[in-house]
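If you want the building blocks of each chain, they are given just below.
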Amino acid sequence: MTIVYRVNAGQLPRDHWTHDAAEGGGRIVGEACHFIDFVQYLTGALPARVSAEAVPRTQAVGVVDDSTVISMSMTDGSVASIIYTASGDSSVAKERVEIFCDRSVATIDDFRSGSFIRDRKTTKLGRRAQDKGHAGEVVAFFEAATGRSGAPIELESLVATTLTSFAVVESARRAVAVVLDLSSVLS
């Protein structure tokens, strides 16, 4: 798969708690981790290598520009780009996902609608009501916590997401690609 995930996150005031490394961990660790996790879900694979480039952190007019472009190679050979921008206009939808695979294209627009395109035929998806899965997530958590089901997300995936988020921050800070060897941590 080739995946492009664009997030128009918007800017936050410089004193917002997410900017505090101890409290919020920064927006990559605290928010972009969810997009890394979604790419893992789509591909069924783990990140193998990440490269990230961040816009220099300017603090004009009391806000911080947290824009970062993340490139990921997955263990199954898939590639993904996560474009996390804090500098866009709020009238543009927050999230757009494009998935290219097997001569087909699937799109998701702000988790309200989408489409599947194959052989020049488009099938529209969604009902315009936004569903990011929060209600289902709470139900799955309680089902697992009460022993009625297993963990909704494998520990391996959770650890991989966390370590990949840290690797993205390192890559952007040092301007180098980071190879992830998750085998020693996950075994």
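Overview of the structure. (Residues numbered from 1 in each chain as written. Predicted model: local features only at pLDDT ≥ 70, side-chain atom pairs only at ≥ 80, totals over all residues. Heavy atoms only, no water.)

1. Section: the packing of aromatic side chains
Here a ring pair, both rings aromatic, is described through the centre-centre distance and the interplanar angle of the planes.
Phase 1: Going through the model one piece at a time under the given rule, you end up with 6 aromatic pairs.
Phase 2: Measuring from ring centre to ring centre gives 5.9 Å for Tyr-5 and Phe-38, while their planes differ by 80°; the resulting arrangement is edge-to-face. A residue pair is termed long-range when its members are at least 10 positions apart, and Tyr-5 in strand β1 (residues 2-8) and Phe-38 in helix α1 (residues 26-43) qualify at 33 residues. Neither Tyr-5 nor Phe-38 differs from the other in exposure class; each is buried.
Phase 3: Between the aromatic rings of Phe-35 and Tyr-84, the centroid separation amounts to 6.2 Å while the plane-to-plane angle is 40°, which identifies the pairing as tilted. Of this pair, Phe-35 sits in helix α1 while Tyr-84 sits in strand β6 (residues 79-85), and the two are 49 residues apart along the sequence. Each of the two residues, Phe-35 as well as Tyr-84, counts as buried. (Phe/Tyr/Trp six-rings, centres within 6.5 Å; stacked < 30°, edge-to-face > 60°. Helix = DSSP H or I, 4+ residues; strand = E, 2+ residues; numbered from the N terminus. Buried < 20%, exposed > 50% of the residue type's maximum accessible area, 1.4 Å probe, protein only.)

2. Concerning unusual backbone geometry
Phase 1: Even without a glycine there, the phi angle at Asp-102 is positive, about 50°.
Phase 2: Backbone geometry at Phe-111 places phi at a positive 55°, although glycine is not the residue there.
Phase 3: Among the secondary structure elements, Phe-111 is positioned in the loop between β8 (104-109) and β9 (113-118).

3. Brief notes about α1
Phase 1: With 18 residues, α1 should reach 26 Å at 1.5 Å per residue; the first-to-last C-alpha distance of 26 Å fits that figure.
Phase 2: Buried residues of α1: Gly-26, Arg-27, Ile-28, Glu-31, Ala-32, Cys-33, Phe-35, Ile-36, Phe-38, Val-39, Gln-40 and Thr-43, and no others.
Phase 3: In the stretch just after α1, Gly-44 is the one whose phi turns positive, near 70°. (Expected span 1.5 Å × (residues − 1).)

4. Let's talk about the nonpolar core
It is characteristic of soluble globular proteins that their nonpolar side chains tend to be buried jointly.
Phase 1: If you look at the biggest cluster of nonpolar residues, it comprises 28 residues, and the most contacted ones within it are Ile-70, Met-72 and Ile-82.
Phase 2: Non-local contacts of Met-72, meaning those with residues more than four positions away in its chain, are made with Ile-36, Val-39, Pro-47, Arg-49, Val-50, Ser-78, Val-79, Ala-80, Ile-82 and Thr-164. (Core = buried A, V, L, I, M, F, W, Y, C linked by side-chain atoms within 4.5 Å. Contact = heavy atoms within 4.5 Å.)

5. Structural notes on the packing of α1 against helix α3 (residues 155-174)
Phase 1: Where α1 meets α3, the axes come as close as 9 Å, and the angle between the chain directions of the two elements is 125°. One way to sum up the angle between α1 and α3 is to call them oblique. Seen from above, α1 lies across α3 with right-handed handedness. Packed against α1, whose contacting residues are Ile-28, Val-29, Cys-33, Ile-36, Asp-37 and Gln-40, the element α3 presents Ser-157, Ala-160, Thr-161, Thr-164, Ser-165, Phe-166, Val-168 and Val-169 at the interface.
Phase 2: By residue class, the composition of the contact of α1 with α3 is 8 nonpolar, 5 polar and 1 charged. (Axes fitted to C-alpha atoms, helices over the stretch in contact; angles between N-to-C directions. Parallel < 35°, antiparallel > 145°, perpendicular 65-115°, else oblique. Left-handed = near helix turned anticlockwise from the far one by under 90°. Nonpolar A, V, L, I, M, F, W, Y, C, P; charged D, E, K, R; others polar.)

6. What about α3?
Phase 1: Here α3 spans 28 Å end to end across 20 residues, near enough to the 28 Å set by a 1.5 Å rise per residue.
Phase 2: For α3, every residue scored as buried is listed here: Ser-157, Ala-160, Thr-161, Thr-164, Ser-165, Ala-167, Val-168 and Ser-171.
Phase 3: The inward-facing, buried residues of α3 contact α1, β3 (47-54), β5 (68-74) and β11 (178-179).
Phase 4: Phi for Ala-175, located one or two positions after α3, is positive at around 60°.

7. Brief notes about the pairing of strand β10 (residues 121-126)
Phase 1: The buried fraction of β10 is low, at 0 of 6 residues.
Phase 2: Relative to β10, β9 is paired through 6 bridges, and the arrangement is antiparallel. Across the sheet, the residue bridging to Ile-117 is Thr-122, located in β10.
Phase 3: In this antiparallel pair of consecutive strands, β9 and β10, the connection spans 2 residues, and Asp-119 shows a positive phi of 55°. (Pairing = 2+ DSSP bridges.)

8. Quick look at the pairing of strand β7 (residues 95-101)
Phase 1: Examined bridge by bridge, β1 and β7 share 6 bridges and lie antiparallel to one another. From the neighbouring strand, Val-4 faces β7, where its bridge partner is Glu-98.
Phase 2: Note: β7 against β8, 6 bridges, orientation antiparallel. What sits directly across from Glu-98, in β8, is Thr-107.
Phase 3: Linkage of β7 to β8, two consecutive antiparallel strands, is achieved through a turn of 2 residues, within which Asp-102 is found at a positive phi near 50°.

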